[in-house]
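Coordinate analysis (summary)
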Amino acid sequence: MSGFSADWLSLREPWDHAARNAAARSLDADALASGLRTPGGTLGVLDLACGTGANLRDLSVRLGGEQRWTLIDHDPALLDALPLKLQQWAHTHGHQCQIDPSGRSGTLRSTEGGWQVHWQARRLDLVTDLDRLPWEGVQLLTASALIDLVSDTWLQRLVEACRTHGAAVWMALSVDGRDRWTPSDPVDAAVQAAFQAHQHRNKGFGPALGPQAPAVQGAQVVGVEGVELLPRHRCRGAQLAPRQRRHRPAEPREMRRQRGEALRHRQRAGEAGAVQG
């Protein structure tokens, strides 16, 4: 799987947070988490393709209580950047943060006592190491902006693993095919065409699901006994918190102009479609 830079992940995090907030209005994450916790009160979370920990930073506050996270990524540079990103986030929001000397584990806690996270990070390649995921003590499997990159076959293997280990599934920020640019710009159509062409390309997992990912995942989970897909709304049930671009703040016009120029340059170079989300 091709990687993403820490700078790119930092650039998109505020926009992703805005999309999560819009979707979270219909979800009582604390109540859902309470139903998954062990008798001792700890929620075990396995986070795939964790990057620099954006999923943990968003969900830990929403889930509340005692949590134990295992963060998985294949990119050592992102795992190396993770401790500093957690420290910066904790400092900004007034949380407590302790990092172990190894830089691969630590503790986060709210100063108000609403939640506490013990986390550890592990390097695994989700393409080759899916069968090596550390499932012990996991009640919740989560990932952010991942399932539209993977294939139907890979996703089915993950769903079967969740069934085997009794884990619920929470997938956030998946492309679902809906887009609306505000305000409009002359390069919107070209950018969107390249983005759509890119969606089904092989990202290392096989032909990518792209905008079909939320519906495919919902159908797979419904068909597998023993797996619960935490729904966006109890009455809808197909996916949780899909990435909806209409909820994003408007992208600055100059940034969009620059993206359009970059796209035209790639098209002339024979690399059209390399635009990512």
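A brief report on the enclosed structure follows. The structure presented is a predicted model; accordingly, all values stated were derived computationally and were not measured.

What about the sheet that holds strand E5 (residues 115-123)?
Taken in spatial order, the seven strands make up an open sheet running E3-E4-E5-E2-E1-E6-E7, and their pairing is mixed. Strand pairing shows two members of the sheet lacking a second neighbour, strand E3 (96-99) and strand E7 (168-172), which therefore form its edges. Looking at each pair of strands side by side, their axes are set apart by 20° on average, direction ignored. Across six bridges, strand E1 (residues 42-48) lies against strand E2 (residues 65-73) in parallel orientation. Paired with Val45 across the two strands is Trp69, which belongs to E2. Against the sheet, helix H3 (residues 54-63) engages E1, E2, strand E4 (105-109), E5, strand E6 (140-144) and E7, with an angle of about 160° to E2.

So, the side chain of Asp129
Position of Asp129 relative to the elements: it lies in the loop between E5 and E6. Polar contacts involving the side chain of Asp129 include one to the side chain of Thr128, which spans 3.4 Å.

Quick word on the pairing of E4
By the criterion of burial, E4 is predominantly enclosed, with four of the five residues buried. Of the pairings in the sheet, the one linking E3 to E4 comprises four bridges and is antiparallel in character. Counted as the bridge partner of Cys97 is Leu108 from E4. As judged from the five bridges shared by E4 and E5, these two strands associate in the antiparallel manner. Bridging from a neighbouring strand, Arg109 pairs with Gln116 of E5. A loop of five residues connects E4 with E5, the two strands running antiparallel in sequence, and Gly113 in this loop sits at a positive phi of about 80°.

What counts and how
- Residues numbered from 1 in each chain as written.
- Predicted model: local features only at pLDDT ≥ 70, side-chain atom pairs only at ≥ 80, totals over all residues.
- Heavy atoms only, no water.
- Pairing = 2+ DSSP bridges.
- Helix = DSSP H or I, 4+ residues; strand = E, 2+ residues; numbered from the N terminus.
- Axes fitted to C-alpha atoms, helices over the stretch in contact; angles between N-to-C directions.
- Contact = heavy atoms within 4.5 Å.
- Polar contact = N/O pair within 3.5 Å; in protein donor to acceptor, adjacent residues only side chain to side chain.
- Buried < 20%, exposed > 50% of the residue type's maximum accessible area, 1.4 Å probe, protein only.

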